[in-house]
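Okay, here's what each chain looks like letter by letter:
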Amino acid sequence: MQDQAFNLSRKAFGDDADKTLVVAYQSHQDALHFLAESLAHANAVALLQGPAGSGKSTIAAEQADWSAQNAPVARIDGDHLTPRQLLAGMLSQFGIESSSLPDERLLQTLSSYLGEQTREGHTPVLIIDDVDRASPSALRLLNWVAAQESRNDYALRIVLTGRSDLSMFVKDDTLRDVARRHPPSYSLNPMTLQESSIYLRTRLIAAGGQGSATVFSIKECEKLHKLSRGWPGSINRLAYDLMNISVERLVSSEDSPIPSVVITRDGETVATVPLTEKQYIIGRSSMSDIVIDDS
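Calculation rules
- Residues numbered from 1 in each chain as written.
- Predicted model: local features only at pLDDT ≥ 70, side-chain atom pairs only at ≥ 80, totals over all residues.
- Heavy atoms only, no water.
- Pairing = 2+ DSSP bridges.
- Helix = DSSP H or I, 4+ residues; strand = E, 2+ residues; numbered from the N terminus.
- Axes fitted to C-alpha atoms, helices over the stretch in contact; angles between N-to-C directions.
- Contact = heavy atoms within 4.5 Å.
- Phe/Tyr/Trp six-rings, centres within 6.5 Å; stacked < 30°, edge-to-face > 60°.
- Buried < 20%, exposed > 50% of the residue type's maximum accessible area, 1.4 Å probe, protein only.
- Lys NZ or Arg CZ within 6 Å of the ring centre and 35° of its normal.
- Parallel < 35°, antiparallel > 145°, perpendicular 65-115°, else oblique.
- Nonpolar A, V, L, I, M, F, W, Y, C, P; charged D, E, K, R; others polar.
- Salt bridge = Lys/Arg side-chain N within 4 Å of Asp/Glu carboxyl O.
- Left-handed = near helix turned anticlockwise from the far one by under 90°.

**Some thoughts on the pairing of strand S9 (residues 268-274)**
Next up, step 1: Note that strand S8 (residues 260-265) and S9 share six bridges and pair antiparallel. Across the sheet, the residue bridging to Ser260 is Pro274, located in S9.
Next up, step 2: Taking the residues between adjacent antiparallel strands as the criterion, S8 and S9 are bridged by two residues, where Asp266 takes a positive phi near 55 degrees.

The structure is reproduced here in structure tokens:
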């Protein structure tokens, strides 16, 4: 039983959770609409911001899947990103083998590819998660890429996600060509209490939990929502911890002896009653929880 509970918590909220599972809520849907609309415009740059655990990467991945239906897409992790990683990562995801090429050839290859795809009407999409954690040299390369044009059209559509105010972030001189494209921004909002409850139960059901509504009570859903402030990543972590704490308490209680009331007469045991409830009435009346039939 405990193993099943541990497995459920891991599959619903832990490392074994289905990475493709998306539980959409209002701000999630609004963010996707914002990205789709922004990428359809001539400037084709969009900024998506929110704190850690707000669901930016999940939304970016969903947008990448949609964009890939009509154009090449590269999605890059910006954490400590270097220029070489950015170049090689883009070309690799665009299907171009480039691991042995020097940096100068990488730039030439990328520029030629972007121009060719744009002329054919399939302007590639670059998505960088946590761009505000990339190295300054990678940001300078991003700025160069953002300036690439083909027949007076920008040769790359760009989505940048980050924790900080990206509207101010791109105004730094390092990203002047990104700022020149006047990118709109969208700040994610947390889930409401109702959305948080639906989120919790949907993930439990997807993980194979039966009777998921009984795993977290209404009060526990309210507590999880308050502590997480409605951010999905925080809800996952807190729900996982809460489920495992409950299992640990169950295991601990099973390992401990259950206290009992032992009824004796003249040194002989008449009855032993395990104390599994919080309170008892002891007496001669048949209405008592523990009846002692002795005057």
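Picking up after the structure, the text goes on.
**Quick word on the sheet that holds strand S3 (residues 125-129)**
Whenever strands of a sheet pair, they do so through backbone hydrogen bonds, lying parallel or antiparallel.
Next up, step 1: Spatially, five strands are ordered S2-S3-S6-S1-S7 in an open sheet, and the strand pairing comes out parallel. One side of each edge strand has no neighbouring strand; the edge strands of this open sheet are strand S2 (73-77) and strand S7 (185-187). Ignoring which end each strand starts from, the neighbouring axes of this sheet average 15 degrees apart.
Next up, step 2: Across the face of the sheet, helix H2 (residues 26-39) comes into contact with strand S1 (45-49), S3, strand S6 (157-162) and S7 while running at roughly 160 degrees to S1.

**Comments concerning the packing of aromatic side chains**
Next up, step 1: For the coordinates displayed, the defined rule picks out three aromatic pairs.
Next up, step 2: Ring centres 6.2 Å apart and planes at 55 degrees place the aromatic pair Phe13 and Phe216 in the tilted group. On the criterion of sequence distance, the pair formed by Phe13 in helix H1 (residues 2-13) and Phe216 in the loop between helix H9 (193-206) and helix H10 (218-228) is long-range, its members being 203 residues apart. Both residues of the pair, Phe13 and Phe216, belong to the buried class.
Next up, step 3: The aromatic ring of Tyr154 is capped on one face by Arg181, whose charged end is 3.9 Å from the ring centroid.

**Some thoughts on the environment of Gln279**
Next up, step 1: Relative to the helices and strands, Gln279 resides in the loop between S9 and strand S10 (282-283).
Next up, step 2: Here the alpha-carbon distance between Gln279 and Ser295, two residues 16 residues apart in the chain, equals 23 Å.

**Details of the packing of helix H4 (residues 83-93) against helix H6 (residues 136-146)**
Two quantities define a packed helix pair, namely the angle between the helix axes and the distance between the axes.
Next up, step 1: Here H4 crosses H6 at 45 degrees, and the two axes come no closer than 8 Å. In terms of orientation, H4 and H6 fall into the oblique class. Contacts between H4 and H6 involve Pro83, Leu86, Leu87 and Met90 on the former and, on the latter, Ser137, Ala138, Leu141, Leu142 and Val145.
Next up, step 2: Residues that form the contact of H4 with H6 fall into these classes: eight nonpolar, one polar and no charged.

**Topic: H4**
What sets the pattern is the α-helix's 3.6 residues per turn: residues three or four places apart point alike.
Next up, step 1: Leu86, Leu87, Gly89, Met90 and Leu91 are the residues of H4 that are buried.
Next up, step 2: Structurally, H4 contributes buried residues whose contacts are with S2, helix H5 (103-119), S3 and H6.
Next up, step 3: Just past H4, the residue Gly95 takes up positive phi, approximately 85 degrees.

**A few points about the side chain of Ser135**
Next up, step 1: Mapped onto the elements of the fold, Ser135 is located in the loop between S3 and H6.
Next up, step 2: In contact with Ser135, not counting residues within four places along its chain, are Leu81, Thr82 and Pro83.

**Things to note about the pattern of salt bridges**
Oppositely charged side chains can pair when the atoms bearing their charge come close.
Next up, step 1: By the definition in use, this model includes six salt bridges.
Next up, step 2: Note that Asp129 is salt-bridged to Arg75, the shortest N-O span being 3.0 Å. In this pair, Asp129 sits in strand S3 while Arg75 sits in strand S2, placing the two residues 54 residues apart along the sequence.
Next up, step 3: Classification of Asp129 by relative accessible area gives buried; the value is 6%.
Next up, step 4: The salt bridge partner of Arg176 is Asp173, with a shortest N-O separation of 3.7 Å.
Next up, step 5: A residue is classified by how much of its surface remains accessible, and Asp173, at 55% relative accessible area, is exposed.

**Thoughts on the packing of H5 against H6**
Next up, step 1: Between H5 and H6, the shortest axis-to-axis distance is 11 Å and the interhelical angle comes to 35 degrees. Helix-helix and strand crossings are classified by hand; for H5 and H6 the assignment is right-handed. Only Leu141, Trp144 and Val145 of H6 make contact with H5, whose side of the interface consists of Leu107, Leu110, Ser111 and Leu114.
Next up, step 2: Looking at side-chain class alone, the contact of H5 with H6 contains six nonpolar, one polar and no charged residues.

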